[in-house]
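Here is how the chains run, residue by residue.
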Amino acid sequence: MTEQHAEPDDAWGEPQPAYPAEAAPPAAPASVTPADAADAARLVSFGLQPKLMPARDAEYTELLRRYREDPAFARLADAVATGLGLVVLEVSTRAGMAVTAGEDSVFAVRMGDYARRASSDTADRFLHGLAHLAVAAMAFPRPEDLADDAYIGRITVNGVDAFVRQACHRLEERAAEQGDNTDPATDAPGLESGWRVYARRSSTGATKDARRLAGSTTGIIGKAAAFLADSGFLQRTGDDAGGTYRTTARYQLQVRDMAGSAAMTELLELGVVPVTDGSATLLPPPDTDGLELAADAGLPFHS
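Residues numbered from 1 in each chain as written. Predicted model: local features only at pLDDT ≥ 70, side-chain atom pairs only at ≥ 80, totals over all residues. Heavy atoms only, no water.

Colleague: Explanation requested: the pairing of strand 1 (residues 86–92) in the structure shown.
Modeller: Remember that side chains alternate between the two faces of the sheet whenever the strand is regular. Pairing of strand 1 with strand 2 (residues 96–101), which is carried by six bridges, proceeds in the antiparallel orientation. Residue pairing across strands places Val 91 opposite Met 97, the latter belonging to strand 2. The loop that links strand 1 with its antiparallel partner strand 2 comprises three residues. (Pairing = 2+ DSSP bridges. Helix = DSSP H or I, 4+ residues; strand = E, 2+ residues; numbered from the N terminus.)

Quick look at the structure:
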């Protein structure tokens, strides 16, 4: 009698899966193609052109749509920005891809470099930093202004100058009340260490053709406003009062990102409160007991 060996029922049937259906391994994510990387880099390059409005460029608009709808592409674009030392503040149709440079980024603009291009006077470094600080404080004087995407701040060069001079007057009063009418120590915080520098500088200076001097306080503020306009943070709207400007979405995002660590807090807590038509006004000074002064006056720069 020969021995019979039974073949398994499915020996020649359809192969069985190695895993039950419910335990099947997840599908591998689609690989990133060179074209995807190029598109992500292209979007970041658009973000580095702050004057470029998405509504005026079809390719920019399409890449923004892809960023919002394709999480993998968004992560890729964020990674490209991070690799360039950039921080993505917002990606939207109103602001485009709004980025700011990290401190170690090749795109970072430093206050010292900016001031040296404007003047060789070492005191001007403080004044240029203060001008940018004051523009930000006047443009967004209240926390709710920074939080409201629809808010548009308005400033004038002469209004910013009046605002800072009133702040200097307030600081002078505070020093007198404290019995400190001598120049403060070099390590004194923020505005306290330099308000006299601003107060002593001429507001406009004088030239034969009535132009304001570059080293005057309005000249310095005018340069700051022009720089911000060239950078897509402000839009010039007229020539009245030394130059009138309105804020952009990008500037709001920039100030919002840096307001917590900026010396803008010090200016606002002096009680010199600007209004939105670009002029300056005063409110009764708040209780300043326990006031902590921020030391960095470098908006939108790195020290």
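Now that the structure has been shown, the text picks up again.
Colleague: What am I meant to see in the side chain of Asp 57 here?
Modeller: Mapped onto the elements, Asp 57 comes out in the loop between helix 1 (34–47) and helix 2 (58–69). For the buried Asp 57, no salt bridge is present, and the opposite-charge side chain at shortest range is Arg 42, 5.8 Å distant. A distance of 2.9 Å separates a polar side-chain atom of Asp 57 from the backbone nitrogen of Tyr 60. If sequence neighbours within four positions are ignored, Asp 57 has contacts with Phe 46 and Leu 52. (Buried < 20%, exposed > 50% of the residue type's maximum accessible area, 1.4 Å probe, protein only. Lys, Arg positive; Asp, Glu negative; His and termini not counted. Salt bridge = Lys/Arg side-chain N within 4 Å of Asp/Glu carboxyl O. Polar contact = N/O pair within 3.5 Å; in protein donor to acceptor, adjacent residues only side chain to side chain. Contact = heavy atoms within 4.5 Å.)

Colleague: I tried to follow the packing of aromatic side chains on my own but got confused; where do I start?
Modeller: A ring pair, where both rings are aromatic, is described by two values, the distance of the centres and the angle of the planes. Counted according to the given criterion, the structure contains four aromatic pairs. When the ring of Phe 140 is compared with that of Tyr 251, the centres are 5.9 Å apart and the planes differ by 45°; the resulting orientation is tilted. Taken as a pair, Phe 140 in the loop between helix 5 (123–139) and helix 6 (143–147) and Tyr 251 in helix 10 (residues 249–258) lie far apart in primary sequence, 111 residues in all. The exposure class assigned to Phe 140 is buried, which follows from its relative accessible area of 1%. Looking at Tyr 251, the relative accessible area reads 3%, which means it is buried. Taking the centre distance of 5.8 Å and the plane angle of 45° together, the rings of Phe 233 and Tyr 251 count as tilted. (Phe/Tyr/Trp six-rings, centres within 6.5 Å; stacked < 30°, edge-to-face > 60°.)

Colleague: I would appreciate a short explanation of the pattern of salt bridges in the present structure.
Modeller: Close approach of charged atoms lets side chains of opposite charge pair. Taken as a whole and judged by the stated rule, the model has 14 salt bridges. Residue Glu 69 is joined to Arg 65 by a salt bridge in which the shortest nitrogen-to-oxygen separation is 2.5 Å. Of this pair, Glu 69 and Arg 65 both sit in helix 2, four residues apart, roughly one helical turn. The partner of Arg 170 in a salt bridge is Glu 173, and the shortest N-O contact between them spans 3.7 Å. One end of the pair is Arg 170 and the other is Glu 173, both in helix 7 (residues 157–177) and three residues apart, which spans about a single turn. Judged by relative accessible area, Arg 170 falls into the buried class, the value being 13%. Taken together, the shared-partner salt bridges connect Glu 90, Arg 94, Asp 149 and Arg 256 into one network.

Colleague: Teacher, can you tell me more about the environment of Ile 221 here?
Modeller: Looking at where Ile 221 falls in the secondary structure, it is placed in helix 9 (residues 217–230). With relative accessibility at 1%, the residue Ile 221 sits in the buried group. Discounting chain neighbours no more than four positions away, the residues touching Ile 221 are Ala 131, Val 157, Val 160, Asp 161 and Tyr 198.

Colleague: What exactly am I supposed to notice about the packing of helix 1 against helix 3 (residues 71–83) here?
Modeller: For any two helices packed against each other, the geometry is given by the interaxial angle and the distance between the axes. Where helix 1 meets helix 3, the closest approach of the two axes is 9 Å, and the angle between their N-to-C directions is 60°. Compared by their axis directions, helix 1 and helix 3 come out oblique. Handedness of the helix 1/helix 3 crossing: right-handed. Two secondary-structure elements touch here, helix 1 through Asp 36, Ala 37, Asp 39, Ala 40, Ala 41, Leu 43 and Val 44 and helix 3 through Phe 73, Leu 76, Ala 77, Val 80 and Ala 81. (Axes fitted to C-alpha atoms, helices over the stretch in contact; angles between N-to-C directions. Parallel < 35°, antiparallel > 145°, perpendicular 65-115°, else oblique. Left-handed = near helix turned anticlockwise from the far one by under 90°.)

Colleague: Just to check I follow, could you spell out a nonpolar patch on the surface for this structure?
Modeller: A contiguous nonpolar surface patch, about 350 Å² in accessible area, is contributed by Leu 48, Leu 84, Val 106 and Phe 107. Within the secondary structure layout, Val 106 lies in the loop between strand 2 and helix 4 (111–118). Relative accessible area serves as the criterion here: at 71%, Val 106 is assigned to the exposed category. (Patch = residues over 30% accessible without salt bridge, like charges linked within 9 Å, V, L, I, M, F, W, Y side chains within 5 Å. Areas by Shrake-Rupley, 256 points an atom, 1.4 Å probe, with all protein chains shown as cover.)

Colleague: Honestly, helix 10 in this entry has me stumped. Any pointers?
Modeller: Residues lying three or four places apart along an α-helix face the same way, a consequence of the helix completing one turn every 3.6 residues. Where burial is concerned, most of helix 10 is hidden: eight out of the 10 residues are buried. Considered for burial, the residues of helix 10 that qualify are Ala 249, Arg 250, Tyr 251, Gln 252, Leu 253, Gln 254, Val 255 and Met 258.

Colleague: Just to check I follow, could you spell out the nonpolar core for this structure?
Modeller: Generally speaking, nonpolar side chains in soluble globular proteins are found buried as a group. Ranked by size, the top nonpolar core spans 35 residues in total, and within it Ile 155, Val 160, Leu 234 and Tyr 251 carry the most contacts. By residue number, the principal contributor to this core is helix 5, which donates 10 residues. Excluding its chain neighbours within four sequence positions, the residues that come into contact with Tyr 251 are His 132, Val 135, Ala 136, Ala 139, Phe 140, Leu 228, Phe 233 and Leu 234. Counting 19 residues, the second-largest nonpolar core is a separate cluster that includes Phe 46, Ala 74, Leu 76 and Val 91. (Core = buried A, V, L, I, M, F, W, Y, C linked by side-chain atoms within 4.5 Å.)

It is worth stressing that arrangement in space is one thing and function is another; only the former is reported here.
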